[in-house]
Amino acid sequence: MDLSSCKHLRFFGCHLNSMACKCVALFVIALVFRAALLSTFPGLGEVVQNSIVVTHKGSLSSNLELWTRKDKYLEVPQIVWGLNNQKIAFARACLTARMMNRTLLMPSLSASLFYKEIDLLQPISFDKVFQFERFNSLCDGFVRLGRYSDLLNRTQLFELQKGSGRKWTIERDLDQLREFSGEQYDAYEVIRIVGKNPFLWHDHWPVKDYAKVFDCLVLVEEILKEADKVVSKIREMGRKVRSKAESSQDTSNSKSLSSLPMPYVAVHMRIEKDWMIHCKKLEQRSNINQICSSKEEIMERVGNIVGLKTPMIVYLAVADSLLEDNSILNGWKEGLLPFEKKKLGVMGIYKKYPYLFQSAIDYEVCLRANIFVGNSFSTFSSLIALERTMKIYKMDITTSCGIDVTWPSYAYNILGESDGPQRWMTNMSDSRLRAISYGTENISC
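Calculation rules
- Residues numbered from 1 in each chain as written.
- Predicted model: local features only at pLDDT ≥ 70, side-chain atom pairs only at ≥ 80, totals over all residues.
- Heavy atoms only, no water.
- Helix = DSSP H or I, 4+ residues; strand = E, 2+ residues; numbered from the N terminus.
- Buried < 20%, exposed > 50% of the residue type's maximum accessible area, 1.4 Å probe, protein only.
- Contact = heavy atoms within 4.5 Å.
- Areas by Shrake-Rupley, 256 points an atom, 1.4 Å probe, with all protein chains shown as cover.
- Salt bridge = Lys/Arg side-chain N within 4 Å of Asp/Glu carboxyl O.
- Disulfide = S-S within 2.5 Å.
- Expected span 1.5 Å × (residues − 1).
- Arc of directions from axis to C-beta.
- pLDDT = per-residue confidence, 0-100.

Attention now moves to the overall build of the chain. Of the regular secondary structure elements, the chain holds 15 helices and 16 strands. The burial tally for the chain puts 49% of its 445 residues in the buried class. Summarising the internal contacts of the chain: among those between residues at least 6 apart in sequence, 71% fall at separations of at least 24. Accessible area of the chain: about 22800 Å², with a carbon and sulfur share of 53%.

Structural data, given as structure tokens:
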């Protein structure tokens, strides 16, 4: 029976000889046919489901669902600059792909540290630094990474030029992302963003979204094992110091203490010449006098940390240019025993690798320290403070004010209790990452 023979029938209260009702009838027939087909061939439903991953959009519109498609991709420029600038740029690229309902194609990082000499950058694949499968497992349902080998048709590509300059406002940038998230661009398997390094893109996401991405970044085993060696060496020095101290006094609990992992303090010491020039200019521009710290100020404030037990090993995470400056090892408060990688005897571990790996090892050593002290205007220090804050939050603790916490962090550039450094926990409710990307003096416990 065709539709023409039923033109006098009524459907939902209207005659089928009207064009609107004919369209409704065809739509209903299509739905019935689809249901019958899926019940006969249930595997077809799986094919559809396997091309998407359901995620919930957190920051821009928490009530909407995002469909992170496995068959649509976003490609971004090579990620450059320091390790932690690269981590921020990578997270921003992930969140951009999430907003556009696409899988991020695994980007290239930069093994070398050059800010202006782009030709000297040494590209390195993301999975040579971080664990690819572990990332997707930990971030499942939030963001997703893909490989170029996953692409079906590399010719289905659209180039999206990122805007720049003062006229390219955060509102215009957000409008552009929303536009290219639309269905009219679904025909393109890959959208390639060209232009600036993702670190310089406008920021549209809260700290908590970035923290989720950072939490999924796990260094490859090779780097973790090298960090293990450095930490073991630090704790070995601590045992020797503790053993010497115990031998000079009769302590009833010496055996129980010696069986515990030796604690250490890690200090990210920013006093190299290029940093001091930068921070002095920053202080003048921003009218803030709590950015730069001399080595004497750092030593004094670390020594004034309330409750710090001695003797204590202090690991100094410093630039290689300072390793010949023996003055950084002198002047510390009695009971604080400073070591840098040269004095510790681990230079050989670092020298095997390019800059990015060296920085990753130092980052891991500082992250694992019992106490971390850094500069709140350093991206390196700020990301360590963020990760340590996340560890504290996982223990259902939201403040370290007036209490002892397992992962305390301090900022030596800001004066705190008893002339020591200011206790430091990241503000996880910030709507932007700016305080971490560019630094802030507004920190608290």
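Tallying each qualifying case throughout the model produces 18 salt bridges. Close ionic contact of Lys341 with Asp320 constitutes a salt bridge, the shortest N to O distance being 3.4 Å. Taken together, the positions of Lys341 in helix H11 (residues 341-344) and Asp320 in the loop between strand S12 (312-317) and strand S13 (336-339) put the pair 21 residues apart, joining distant regions of the chain. Judged by its relative accessible area of 33%, Asp320 is partly exposed. Residues joined in a network through salt bridges with shared partners are Asp320, Lys341, Lys351 and Asp362.

So, on to the environment of Phe142. Checked against the element boundaries, Phe142 lands in the loop between helix H4 (132-138) and strand S8 (145-146). Once the C-alpha coordinates of Phe142 and Thr68 are considered, the two residues, 74 residues apart in sequence, prove to be 8.3 Å apart.

What follows is about unusual backbone geometry. In terms of backbone geometry, most residues other than glycine have negative phi values and most peptide bonds are trans. Cis geometry marks the peptide bond from Thr310 to Pro311, where omega comes out at 0°. The phi dihedral of Ser418 is positive, around 55°, even though this residue is not glycine. Positionally, Ser418 belongs in the loop between strand S15 (409-415) and strand S16 (421-423). The phi dihedral of Asp419 falls on the positive side, at around 60°, and the residue is not glycine. With respect to the helices and strands, the residue Asp419 is situated in the loop between S15 and S16. Residue Asp419 is classed as partly exposed on the basis of its relative accessible area of 46%.

What follows covers the state of the cysteines. Summed over the entire model, instances satisfying the criterion amount to two disulfides. Sulfur-sulfur distance for the disulfide between Cys139 and Cys216 comes to 2.2 Å. The sign of the 95° torsion about the S-S bond sets the Cys139-Cys216 disulfide as right-handed. Within this pair, whereas Cys139 is found in the loop between H4 and S8, its partner Cys216 is found in the loop between helix H6 (207-215) and helix H7 (221-247), the two being separated by 77 residues in sequence. Here Cys139 falls in the buried class, since its relative accessible area comes to 2%. Note on cysteine connectivity: Cys279 is disulfide-linked to Cys292, with sulfurs 1.9 Å apart. Disulfide Cys279-Cys292: torsion about the S-S bond near 125°, hence right-handed. Here Cys279, found in helix H9 (residues 273-286), pairs with Cys292, found in the loop between H9 and helix H10 (295-303); they are 13 residues apart in sequence, far enough to count as distant.

This part is about H9. Helical geometry note: an α-helix holds 3.6 residues per turn, so side chains three or four residues apart project in the same direction. Between its first and last C-alpha, H9 extends 20 Å over 14 residues, near the 20 Å set by a 1.5 Å rise per residue. All of the buried residues in H9 are Trp275, Cys279, Leu282 and Glu283. Along the axis of H9, the buried residues cluster in a sector spanning 100°; they form a single face. What points out from H9, more than 90 degrees from its buried face, is the exposed set Lys273, Asp274, Ile277, Gln284 and Arg285.

What follows concerns the side chain of Arg301. By secondary structure assignment, the location of Arg301 is in helix H10. Excluding residues within four positions of it along the chain, Arg301 makes contact with Tyr412, Asn413, Ile414, Leu415, Asp419, Gly420 and Pro421.

The next thing to look at is the confidence of the model for the chain. Mean pLDDT over the chain: 84, with 80% of residues reaching 70 or higher. pLDDT under 50 marks residues 1-16. Its contacts with residues more than four places away, or in other chains, come to 22 contacts. Long-range and interchain partners of residues 54-65, a stretch whose pLDDT sits below 50, account for 29 contacts in this model, where long-range means more than four residues apart.

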